[in-house]
Amino acid sequence: MSRFRPYIKYLLIVRGPLIGAIIAGLIYGIASGAGLPAMIRWVFPKIFSPEAAQLTNWGLLAIASWLPAIFLIRGVAGFANSYLIQFSGVRVLEAIRFDYFRKLQFLPLSFIQKQTSGDLISRGIADTNQLQYSLTTIANDGMKQPASLIGSVGFLIWAAFNEKGIALVLVSLALIPLCVLPIRYVGKKLLARAHQIQAQLGTVTDRFAENLSAAKEVRAFGLEKNQTDRFATESRALINFQMKAVKYAQALTPAIEIISAFGLSLTLVYAYRSGVKLDSFLAIITALYTSYEPIKKLGALNNETKRGISALDRLEHVLNEPLVITDPENPTEVGRLKGDVQFSEVTFAYKADQPVLHNISVTIPRGTVCALVGPSGAGKSTFANLVPRFYEVTGGVVSIDGIDIRKLRIADLRSNIAVVSQDPVLFNDTIYNNLLLGKESSTREQVIEAARNAHADEFISKLPAGYDTMVGERGALISGGQKQRIALARAFLRNAPILILDEATSALDSQSEQMIQDALQQLVVGKTVFIIAHRFSTIKDASMILVFDHGKIAASGTHPALYADNALYKSLYDRQHSSA
Ligand SMILES: Nc1ncnc2c1ncn2[C@@H]1O[C@H](COP(=O)(O)OP(=O)(O)O)[C@@H](O)[C@H]1O
Ligand SMILES: [Mg+2]
C-alpha cells in the first residue's frame, strides 16, 4: 500500500465523492445484510401475532411498506455508491493522465526519442486506466472487506467462545492464516505477469502506430503480409501473457475454498468430539464460512493492487524521469536578444562515450548568415539543435549575447529562435491556424505577409478554402514543398533574432528555393541565420560557411576562400556542379 502513498493526492481531489461513496456503501451493506433478518425478527411477527387481529388498514400498510422501503434505501444507496465510485474513478484518471501528458511536454527530446510512441501512448491510455481502476477498487474494497472480515471473525470468536471457550475458537480459526500463502504467491506471480502484459500491450500499440505512419512504405514494398505476420506474433504473445495471469488469478478462489473446507471439517470433528449442540454448531459454521468470503475478496484486492503497482511502475518510468533541461534557479532577465552566438569548446554526445561533436569553438556575430555544410552525419543538425537547447551540451558552453544559454529561462531562449526542419510537422488544423502558431498575437495582415515572403500565399489563395483549408494529420493533405513553405512562413512570422533552417527548402524546386532565398535576403537583415542546405546556390552567398567533418569544424570562411583552400569543401562543391 505504501507504494501508492505519493498518489493519495489523486484521491484527495475526489475526497468528497469518495466519502459519499463509502457512506452509501455502508448504508447499502446494512440494508442488505441487516434489513431482511430485522424484518424476520421484528416486523413479520406483528402480522402473525395474536394482536394482529386488531391491525387497522393503515397499520397493515405500514408493515407491508417495510419491504419496499428497505429495498428503496438499498437501491438508492447502491446506486449512489456505484455512481460516486465511478465518478471518482474518472476524475482520478483524468488527473493522472493529465499529469502524464503534461510531463511529456517538458521531457528532453533525448528521452522521447529513446521511447517508441506506441509504448508512450499505451502508458498514457492503458496504464492510467489500470491505475485508476486499482486505486478506486482499493479505496472502495480496502475498507469494506477488512470491516466485514473483522465483523464475521468477531462474531465467530464470540459464538465459539460462549459455546466451548478458547479451544473451539482456536480450532475454528486455525486454518485462516494459511490463506495468506496462496494470496501472497498469486500476488507475486501476478505482478510479474502484469508487467509482461502491460509491456506487451505497449508493443502491440506500437505496431499500430508504426504501421500507420508507414502506410506508404507498406504498399510500396509489399509489406502487407510481413506486417500482419509481425502483428499476429505480438498479439499472440499478449494473449499468452494474459492467459497466464488469468490462470493465477482464477486459481486463488478455489485454493481459498479448499482451505476453508478443511477448516470447516476440522471444526466439525472437534465439535463432534467436544459435544457442541447443533444450533450453536450451525451458527459457528455459518460465521466461519462467511469469514472466508472477505478473505477471497481481499485476495482479489491484492491481485488488483499488484496490477496497479505494475501500471504505476510504467507510468513512473515517465513521471519520475528527471527534467534535465530546466529553467535555472536565478534566470538572467532578457527581452529580445541581439543574436551573437558563441560555441566555446562544446562537446556533445547522444550516448555516453560516443561524442558526436568534438570541442567546437566558433563565434557567429549577429547579422551573420551562417551556412553549415559537410557530409551527412557530420553533425550539422546536432550543432544547430544545441542553440535552442533541444539537447544539453556534454561539455563547454553555448552562449548568446555573452550569456550562457543555461542561465536563460527556456521560454525566453526559445522565443528568440525560429526553427524550420526538413520534415516540418503541421497540426491537423487550418493553414491559417498553423501559421498563427509562429506567433499567436499576430494580425491577419502579418500572417498573410509572412505567407507571401515564404511564397506560400500563391498556392494557399488558389485552394478552394484558402487559408481555412485543413492540412490533415501532420500535414498529410498537402505536398511536401507546400508544407515546407508553410513552415517557413510560420518561422518568418515569429520574427525572431535567430533563425535556424535545417534543410528547410529541401523539398522545393530550385526556382522556388531561389525565390525564397531572395525573400530571405531582405528578411534576415540584422538577424543571425543558420542554414543547412544541400544546394550550393543557397550556400554560396552566406557571409560565413562552416565546414563540418566528423563532428568537427574542419574549416570556416567565405565561399571563394574555402573553395581555394579546403579540399573537402571543394570536392563537395565540385561533385554537385559536375552532376548538375
Ligand atoms: N537523436 C539521435 N540519437 C543518437 N544519435 C544521433 C541522433 N541524431 C543524430 N545522431 C547521430 O549523430 C551524428 C550526427 O548527426 P547529425 O547532426 O544529424 O548529422 P548531419 O545533420 O550533419 O547529417 C550521426 O552519427 C547520427 O547518427
Ligand atoms: Mg541533418
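Just so it is clear, the structure is predicted and the values come from calculations on it, not from any experiment.

**Q** So what's going on with the overall build of the protein chain? Which residues, and what values?
**A** When helices and strands are tallied, the protein chain shows 21 helices and 10 strands. Here the protein chain holds 580 residues, and 31% of them are scored as buried. Here the contacts in the protein chain between residues at least 6 apart in sequence split such that 80% fall between residues at least 24 apart.

**Q** Any details on unusual backbone geometry? Residues and values, ideally.
**A** A positive phi angle, near 45 degrees, is found at asparagine 359, a position not held by glycine. Looking at the secondary structure, you find asparagine 359 in strand S2 (residues 355-364). For asparagine 359, a count of 15 C-beta atoms within 10 Å puts it in the partly exposed group. The phi dihedral of arginine 474 falls on the positive side, at around 55 degrees, and the residue is not glycine. With respect to the helices and strands, arginine 474 occurs in the loop between helix H16 (457-460) and helix H17 (480-494).

**Q** Now, about the site of ligand 1: what can you tell me, with residues and values included?
**A** The immediate surroundings of ligand 1 are formed by Gln113, Tyr350, Val356, Gly374, Ser376, Gly377, Ala378, Gly379, Lys380, Ser381, Thr382 and Phe548. Examining the composition of the shell around ligand 1, we find that 3 residues originate from one element, helix H12 (residues 380-386), more than from any other. By residue class, the composition of the shell around ligand 1 is 4 nonpolar, 7 polar and 1 charged.

**Q** Give me the lowdown on the packing of helix H15 (residues 444-453) against H17, citing residues and values where you can.
**A** If you want to describe how two helices pack, look at the angle between their axes and the distance between the axes. Remark: H15 packs on H17, axes separated minimally by 8 Å, with the N-to-C direction vectors making an angle of 125 degrees. With respect to their mutual orientation, H15 and H17 come out oblique. For the crossing formed where H15 meets H17, the hand is right-handed. Contacts between H15 and H17 involve Gln446, Val447, Ala450, Ala451 and Asn453 on the former and, on the latter, Ala489, Phe492 and Leu493. For the contact of H15 with H17, the residue count by class is 6 nonpolar, 2 polar and no charged.

**Q** Lay out the sheet that holds strand S1 (residues 341-349) with the relevant residues and their values.
**A** Read from one edge of the open sheet, 4 strands run S2-S1-S4-S5, paired in antiparallel fashion. Unpaired on one side and paired on the other, S2 and strand S5 (403-404) mark the two borders of the sheet. One ladder, built from 5 bridges, connects S1 with strand S4 (residues 395-400); its direction is antiparallel. Considered in S4, the bridge of glutamine 342 is made with serine 399.

**Q** For the pairing of strand S10 (residues 552-557), give the residues involved together with the corresponding values.
**A** Sheet topology places strand S9 (residues 544-549) next to S10; 5 bridges connect them, and they run antiparallel. Note that in S10 the partner of phenylalanine 548 across the bridge is isoleucine 553. Connecting the antiparallel pair S9 and S10 is a turn made up of 2 residues, with histidine 550 showing a positive phi of about 50 degrees.

**Q** How would you sum up the environment of valine 346? Please name residues and give values.
**A** Tracing the backbone through its elements, the reader meets valine 346 in strand S1. Measuring from C-alpha to C-alpha, the distance between valine 346 and serine 441 comes to 36 Å, with 95 residues separating the pair along the chain. With sequence-adjacent residues up to four places away left out, valine 346 is seen in contact with Leu357, Ile360, Leu386, Val393, Gly396 and Val398.

**Q** Just give me the short version of the nonpolar core, but keep the residues and values in it.
**A** Looking at soluble globular proteins, one finds that nonpolar side chains tend to be buried together. One finds Ala371, Leu372 and Ala489 to be the most contacted residues of the largest nonpolar core, which totals 73 residues. The greatest single-element share of this core, amounting to 7 residues, is contributed by H17. Other than its neighbours up to four places away in sequence, alanine 371 contacts Ile531, Ala533, Ile539, Ala542 and Ile545. Of all hydrophobic cores here, the second largest spans 20 residues; its members include Val14, Ile96, Ala139 and Val318.

**Q** Tell me what's going on with the domain arrangement of the protein chain, and back it up with residues and numbers.
**A** For the protein chain, the assigned domains read domain 1 (1-100), domain 2 (107-321) and domain 3 (341-579). Its C-alpha centre places domain 1 at a distance of 26 Å from the equivalent point of domain 2. At the interface, 17 residues of domain 1 touch 17 residues of domain 2. Of all the secondary structure elements, the ones that give two or more residues to the side of domain 1 that touches domain 2 are helix H1 (8-13), helix H2 (15-48) and helix H4 (66-106). Top element by residues in the side of domain 1 that touches domain 2 is H4. It accounts for 9 residues. Across the side of domain 1 that touches domain 2, the residue classes break down as 11 nonpolar, 3 polar and 3 charged.

**Q** I'd like a rundown of the sheet that holds strand S8 (residues 528-532), residues and numbers included.
**A** The 6 strands lie next to each other as S6-S7-S8-S3-S9-S10, forming an open sheet whose pairing is mixed. What marks the edges here is a single partner per strand, and that holds for strand S6 (417-420) and S10. Across the sheet, the mean angle from the axis of one strand to that of its neighbour is 15 degrees, orientation sign disregarded. Note: strand S3 (residues 369-373) against S9, 4 bridges, orientation parallel. Of the residues in S9, the one forming a bridge with leucine 372 is leucine 546. Its contacts with the sheet place H17 against S6 and strand S7 (498-502), and it is angled at close to 175 degrees to S6.

**Q** Explain the environment of aspartate 429 to me, using residue names and the numbers behind them.
**A** Inspection of the secondary structure assignment puts aspartate 429 in the loop between S6 and helix H14 (431-436). C-beta crowding within 10 Å serves as the criterion here: with 14 such atoms nearby, aspartate 429 is assigned to the partly exposed category. Separated by 418 residues in the primary sequence, aspartate 429 and leucine 11 have C-alpha atoms spaced 36 Å apart.

**Q** Help me get a handle on the pairing of S4, residues and values and all.
**A** Across 2 bridges, the pairing between S4 and S5 is antiparallel. Bridge assignment links isoleucine 400 to a residue of S5, and that residue is isoleucine 403.

**Q** Requested: an account of the packing of helix H7 (residues 166-173) against helix H10 (residues 224-274), with residues and values cited.
**A** Contact geometry of H7 with H10 gives a least axis separation of 8 Å together with a crossing angle of 155 degrees. By the angle between their directions, the pair H7 and H10 is classed as roughly antiparallel. Both H7 and H10 take part in a crossing whose hand is right-handed. Here Leu168, Val171 and Ser172 of H7 lie close against H10, whose contacting residues are Leu266, Thr267, Tyr270 and Ser274. Partitioning the contact of H7 with H10 into residue classes produces 4 nonpolar, 3 polar and no charged.

**Q** Could you give an account of helix H18 (residues 510-523), naming the residues involved and the relevant values?
**A** Counting along an α-helix, one turn takes 3.6 residues, and residues three or four places apart therefore face a common direction. For H18, which comprises 14 residues, the first-to-last C-alpha distance of 19 Å matches the rise-based estimate of 20 Å (1.5 Å per residue) to within 8%. Those residues of H18 not exposed but buried are Glu513, Ile516 and Leu520. The buried residues of H18 occupy an angular sector of 65 degrees when the element is viewed end-on, so they sit on one face. In this structure, H18 carries Gln511, Asp518, Gln521 and Gln522 as exposed residues pointing more than 90 degrees from its buried face. Buried positions along H18 lie against H17 and helix H19 (536-539).

How each quantity is defined
- Sequence order as written defines residue numbering, which begins from 1 separately in each chain.
- Labels follow written order: the first chain is A, the first ligand is 1, and so on.
- pLDDT decides what is reported in this predicted model: residues at 70 or higher carry local features, side-chain atom pairs at 80 or more are listed and counted, and totals for whole chains, interfaces and linings draw on all residues regardless.
- Strands here mean DSSP runs of E at least two residues long; helices mean DSSP runs of H or I at least four residues long; both are numbered from the N terminus.
- Exposure classes come from backbone-placed C-beta atoms, where a residue is buried if 20 or more other C-beta atoms lie within 10 Å of its own, exposed if 12 or fewer do, and partly exposed in between.
- A residue pair is marked as a contact if its C-beta atoms, positioned from the backbone, fall within 7 Å.
- By definition, a residue lies near a molecule or strand when the C-beta atom built from its backbone is within 6 Å of it.
- Residues were grouped as follows: Ala, Val, Leu, Ile, Met, Phe, Trp, Tyr, Cys and Pro as nonpolar; Asp, Glu, Lys and Arg as charged; and all remaining residues, including Gly, as polar.
- Axis geometry follows a simple rule: fit a line to the C-alpha atoms, using only the stretch in contact for helices, then measure angles between N-to-C directions, giving values from 0 to 180 degrees.
- An angle below 35 degrees is read as roughly parallel, one above 145 as roughly antiparallel, one from 65 to 115 as roughly perpendicular, and any other as oblique.
- Take the far helix as your reference; a near helix turned counterclockwise from it by less than a right angle gives a left-handed crossing, and one turned clockwise gives a right-handed crossing.
- Strands pair, by our definition, only if DSSP identifies at least two bridges between them.
- Note on terminology: a nonpolar core is any set of buried Ala, Val, Leu, Ile, Met, Phe, Trp, Tyr and Cys residues joined through C-beta atoms within 7 Å.
- Here the bounds of each domain stem from an automatic or database domain assignment.
- Helices are assigned an expected span. That span is 1.5 Å times one less than the residue count.
- The directions considered for the arc run from the helix axis to the C-beta atoms.

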